[in-house]
Every structure is written in structure tokens, then in C-alpha cells.
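Each chain, written out:
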Amino acid sequence: MGFARTCSVALVGVEGVVVEVQADLEPGVAAFTLVGLPDKSLTESRDRVRAAVVNSGAEWPQKKLTVGLSPASVPKSGSGFDLAVAAAVLGASERIDPRVLAGILMIGELGLDGRVRPVRGILPAVLAAAEAGYEQVVVPECAAAEASLVPGVSVLGVRSLRQLIAVLADEPVPDEEQDRPDGPDPLLAGLRLPGTGAATGMHSMGAAPYDHGHDLADVVGQTSARTAVEVAAAGGHHLFLEGPPGAGKTMLAERLPAVMPRLDRAESLEVTAVHSVAGLLPPGKPLIDTAPYCAPHHSATMQALVGGGPGIARPGAVSLAHRGVLFLDETPEFSGHALDALRQPLESGHVVIARSAGVVRFPARFLMVLAANPCPCGRFSQKEDLCECPPSSIRRYQARLSGPLLDRVDLRVEVDRVTRRELAGGGIRGDSTATVADRVRAARERAALRLAGTPWRCNSEVPGRELRSRWHAAPGALDDAERSLERGVLTARGLDRVLRVAWTVADLVGHDRPDAGDVALALQLRTGVPRGVPMELGALR
């Protein structure tokens, strides 16, 4: 009787569970049985592994073969177990020393010719292996850079099963070349899967700081909206832009990620893990260090926004925008159920999805930007009478955004129509993305110094009770906000959010704590009601 075991990882959301892959050979009729709660794609690995072993020059054992995946109670899906199954079978047949396999964790899909293809979720799988104490990991060669992001783990990248056999058997390692040296590598196709939202505005490549293709200086006028964008980036506050078509709402949202500071190491690993599981990790860029930008279409379903799908749930737009920007253009056109599903992740910073196949938890701490027209025709305004919509139609259109959802939005700004004089060059040109990004970074540093030793990173994450008990505003600064609470203009949650925005404004203008002017500007950004405060941050310094 031959027996061997090695390990692989089963992903449940963005968390990994180490799975022991055991292979047992017994005398009897040649058969291959796979047990341990596998799904359809994993059941098909029996044929892939058999063909890969034979085409790699090894002999397939003609005995009764049983491969078990333990723990058997954890659902297992995907083709990433192929490499571990093949190695365990070869260990049981004594082609490889079983003692060598015991301390190695393997991840990869096998082609029929023995080549090792990449799979989704390499980074979270290797993170799970490191937490479990494994020090040696075998992954596909083109995913080795992603796996190497995890410290304390020795990564071996292999291009074929033939190479892995040679390494483990201490034999000369054969060279595996591309079929077409001057053409694309077909193995890289596994790093980016179709049907995962890659064409819905979900990416992280357009958020590089100082992206000259999306410079904030291109936005003409819009002083209030530019100030709101800067405050949103500095404190992580949600933003609602309302105005007629063509006023620049989408331009402002597209330039917001470039204003936000680069992700630190821990944040980069969180974002990269989510994008790796979703199959959206760009080839050649194993680590995402800039704020992602996600702009789903208004026809997106609730599952597309918060995550879900058949079987094990996949991350949705709120998770793909983790530590970045989620932009919902034409927000009233979204489904009401889909928008209301955003309330929980806006408060908690994560999404918990329960399905029959298991419960998964995805991170979802993002900066939400809503953009909407004031009415169905888009021309309703308090300053001009160009709208032809009846009042009942305007009320129904604006009521599509529920009060509880808008109560979670810190900044609400009306974006005015751009005039011909402003477009011709006579309008006020604001600061560039580089200048605003420097101010935002300095404000974040002030907030980080104040929040050192706490679990919070920016002002929008600090609970209201902590702001009222540990960090106090200037005497009398909150009088106007408290009167708004008594009159019903603000809710208790709204008062906390005004206080958070006031701290962000104070960080931007260099105040040690918010004064009456900072709170007044925060109130004006929250309610949209003018309070005699200049919208330029420079006027508050």
C-alpha cells in the first residue's frame, strides 16, 4: 500500500482554509476516486491530473486510487488543487519521496500537457498558508511575484509538472519554453478571467497619483464641488454631487482617486487579495498600491454591487472598491433594493453574505460618490427656470434615493451649469491634482498622528462618541450644529458626521481642533444650505 499527502488551500471569500490532500493506493481494479466535498470543476481534475502525469513522462499507477481532501466538511471549488493532487499521487506511487511533500503547500491548475496554469486567489491562499505555519509554497511561475508578496514564505514557481517532479526528486530541471517565443503566453490567460466585471469600470490602473490624463485642473469653476472632493479625499467622507448633465460630476469623480494618498503595505495586501479572488489582478502588476476605482453601470444587480452569485459568493463592486472609490453615476436609475443594500457596508466596512454553500465575508470600506440629475430632464435648478418636469415627477425622481442612504452621505454639493465664458478660458482654474494631493496627504498625516494607537485610520472611521469624549472641538464651535439637531435638520448620525467633516476641514487648514468656521463649512457641505462661509479652504486658514 502506498500513501502520501501534501497540502493546498480552499478559498472561502478572501479567507483561505488549508486543505490536506491525501492519496492512497491499494491493490484492486484501477480506479480513481476523489472525496472531500469537491465541486464540478474539482471533480474534473481526475482527468486533468491523469493526462498531465502521463504527458509529463511519469507512470500512472494501475491500482485503486483514492484521493481525499481534508477537512471534508469545507466546500472545495476550483481547479487550484490539481497540482497538489498530482504530487500526492506521485508520492503514493513512490515517484517522489512522500516525506518531501509533507511540508509543502501547492496551488495551481494543470493542463493536459502538464503545464501549470495560474488560478484566482493566489495571494490570499499564500497568506493562509503563512498563517498556518507553512514556509514552502509551490505556485505557477507567472503567479510567483504575487505569492512573493507574503513575507516569511519561500516561493517556488514552476511552469510544468515535469519541472516540479525534477525539483522534488532532486533531478536536473528541464527548461520549459513558450510555444511561440514572439507571441503571447497562453498561461497568462488564467490571471484575468472573463465575466468578473472587468468591463464595468472596475479597475485600479487609472488611480495613479498625478495622472495627467485626469487632472483636477481640467475642471472649470465648480469651487464648491472641488472643495468637497478635497475634503472627501482627506477624510474618507462619502459625497453626493447633484447637478445638470454636462456640469462635470463624472469628471470630478474620475479625478478623486488620484487625489487620494497611496495605499500602505497592509492596505495594498487587502486590495490585492480581493482583486486576485475576483480575477481582476492586472498581469505584470502583482501589488495594487493605488486607490481602486469602481464605476458599475446603473443596471447592476444587488449581487453585482454587494457580492454573491451561485455557489461560493464572489466579491461585488463594494469590495472591488475597498480602500478606493465607488462611483454610482445616475444614482436614481439604480434599483432601490440595490442601493439600500449599501447601507450595511457603509456603516460596518465589510459585507457578510450567507449562501447554502457557506458564509463569506468581504472587506468593503470604500469612499462612495453619488451623482444624480436634479430631475428627469436634468434642468431643474433654484437659479433658473428651464425645467419642464411637473413637480410630482421631480418629487418621485428625487425620492428614489432613500433618506437612510442619504443620511450616511457626509457631503452634498450642487454642481452648477458651466457657462460659455468659463469654457472659453475666463473661468477660475483651480489647483492641479498634484497640489491638491499634497494637501490631502498632509491632512491625512495630521489625522494619523492624532489617531495613533487606535484602530482608525481617517476621520470618517472614528465613532461619534469618541469624537465627543476624547477629541473636543473649540468652545462654542458646535452651537450651530446642535441647534440644527434640535430643529430636526440633522439626525444624531448627521451630527456625528458633521463633527467628522469638521475635523477633516481642520486638518486641511492646519487647525489643532475645529473652530466655529470649520463646523460651519462642514454644516454647509452636509446640508447644502449657505451659511455665509467661503467655500475655499484657503479662506479659513
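Conventions used here
- Residues numbered from 1 in each chain as written.
- Predicted model: local features only at pLDDT ≥ 70, side-chain atom pairs only at ≥ 80, totals over all residues.
- Heavy atoms only, no water.
- Helix = DSSP H or I, 4+ residues; strand = E, 2+ residues; numbered from the N terminus.
- Buried < 20%, exposed > 50% of the residue type's maximum accessible area, 1.4 Å probe, protein only.
- Areas by Shrake-Rupley, 256 points an atom, 1.4 Å probe, with all protein chains shown as cover.
- Lys, Arg positive; Asp, Glu negative; His and termini not counted.
- Charge placed at Lys NZ, Arg CZ, Asp CG, Glu CD.
- Contact = heavy atoms within 4.5 Å.
- pLDDT = per-residue confidence, 0-100.
- Core = buried A, V, L, I, M, F, W, Y, C linked by side-chain atoms within 4.5 Å.
- Phe/Tyr/Trp six-rings, centres within 6.5 Å; stacked < 30°, edge-to-face > 60°.
- Pairing = 2+ DSSP bridges.

Draft legend 1. Fine view of the overall build of the chain. Regarding its fold elements, the chain presents 22 helices and 17 strands. Dimensions of the chain along its principal axes, counting C-alpha atoms only, are 85 × 50 × 45 Å. Expressed as a percentage of the 541 residues in the chain, the buried residues total 52%. On the chain, roughly 23100 Å² of surface is accessible, and the fraction owed to carbon and sulfur atoms is 51%. When the 58 positive and 63 negative side-chain charges of the chain are each reduced to one mean point, those points stand 5 Å apart.

Draft legend 2. Inspection of the environment of R465 at higher detail. Considering the arrangement of structural elements, one finds R465 in helix α19 (residues 464-469). With a relative accessible area of 56%, R465 lands in the exposed category. With 326 residues separating them along the chain, R465 and V139 place their C-alpha atoms 47 Å apart.

Draft legend 3. Looking closely at the environment of V318. Structurally, V318 is set in helix α12 (residues 317-320). When its relative accessible area of 0% is taken as the criterion, V318 is described as buried. In this structure, the C-alpha to C-alpha distance between V318 and P245, residues 73 residues apart in sequence, is 25 Å. When residues no more than four places from it in sequence are discounted, the contact partners of V318 are L305, V306, L326, L342, V351, P363, A364 and F366.

Draft legend 4. Highlighting the confidence of the model for the chain. Across the chain, pLDDT averages 87, with 90% of residues at or above 70. For residues 193-200, every residue scores under 50 in pLDDT, and the model assigns this stretch 13 contacts once sequence neighbours within four places are set aside. Predicted confidence for residues 204-210 stays below pLDDT 50, and this span has 22 contacts to residues more than four positions away or in other chains.

Draft legend 5. Seen up close, helix α7 (residues 161-168). The buried fraction of α7 amounts to 6 of the 8 residues, a majority that puts the element mostly inside the structure. Every buried residue belonging to α7 is among L161, Q163, L164, I165, A166 and L168, and all of these are buried. Taken from the residues just after α7, D170 is the one with a positive phi, measuring 60 degrees.

Draft legend 6. Representation of the nonpolar core. The biggest cluster of nonpolar side chains holds 51 residues, and the ones touching the most others in it are V231, L239, L241, V369, L411 and L525. When neighbours within four sequence positions are excluded, L239 is seen to be in contact with A228, V229, M368, V369, L370, V409, L411 and V413.

Draft legend 7. Representation of the packing of aromatic side chains in the model. A full pass over the atoms with the stated rule returns 2 aromatic pairs. Each ring, one from F32 and one from W60, has its centre 5.6 Å from the other, and the planes form 45 degrees; the classification is tilted. On the criterion of sequence distance, the pair formed by F32 in strand β3 (residues 31-35) and W60 in the loop between α2 (45-55) and β4 (64-70) is long-range, its members being 28 residues apart. Taken individually, F32 and W60 each receive the classification buried, so the pair is uniform in this respect. Each ring, one from Y293 and one from F327, has its centre 6.5 Å from the other, and the planes form 25 degrees; the classification is stacked. One end of the pair, Y293, is in strand β12 (residues 293-294); the other, F327, is in strand β13 (residues 325-328), and 34 residues separate them in sequence. By relative accessible area, Y293 is classed as buried at 9%.

Draft legend 8. Spotlight on the pairing of strand β17 (residues 411-414). A one-sided burial pattern is seen for β17, the buried positions being L411 and V413 and the unburied ones R412 and E414. Bridge analysis of strand β11 (residues 239-242) against β17 gives 4 bridges, and the strand direction is parallel. Directly across from E242, in β17, lies its bridge partner E414.

Draft legend 9. Layout of the pairing of strand β1 (residues 2-12). Within β1, 8 of the 11 residues are buried, which leaves it mostly tucked inside the rest of the structure. Across 11 bridges, the pairing between β1 and strand β2 (residues 15-26) is antiparallel. Across the sheet, residue S8 finds its bridge partner in β2, namely V19. Counted between consecutive antiparallel strands, the loop separating β1 from β2 contains 2 residues, among which G13 sits at a positive phi close to 75 degrees.

Draft legend 10. View of unusual backbone geometry. Note the cis peptide between S70 and P71, where omega equals 10 degrees. Position of P71 relative to the elements: it lies in the loop between β4 and α3 (82-92). Phi at R323 is positive, roughly 65 degrees, even though this residue is not glycine. Within the secondary structure, R323 is located in the loop between α12 and β13. The class of R323 is buried, set by a relative accessible area of 15%. Phi at E330 is positive, roughly 50 degrees, even though this residue is not glycine.

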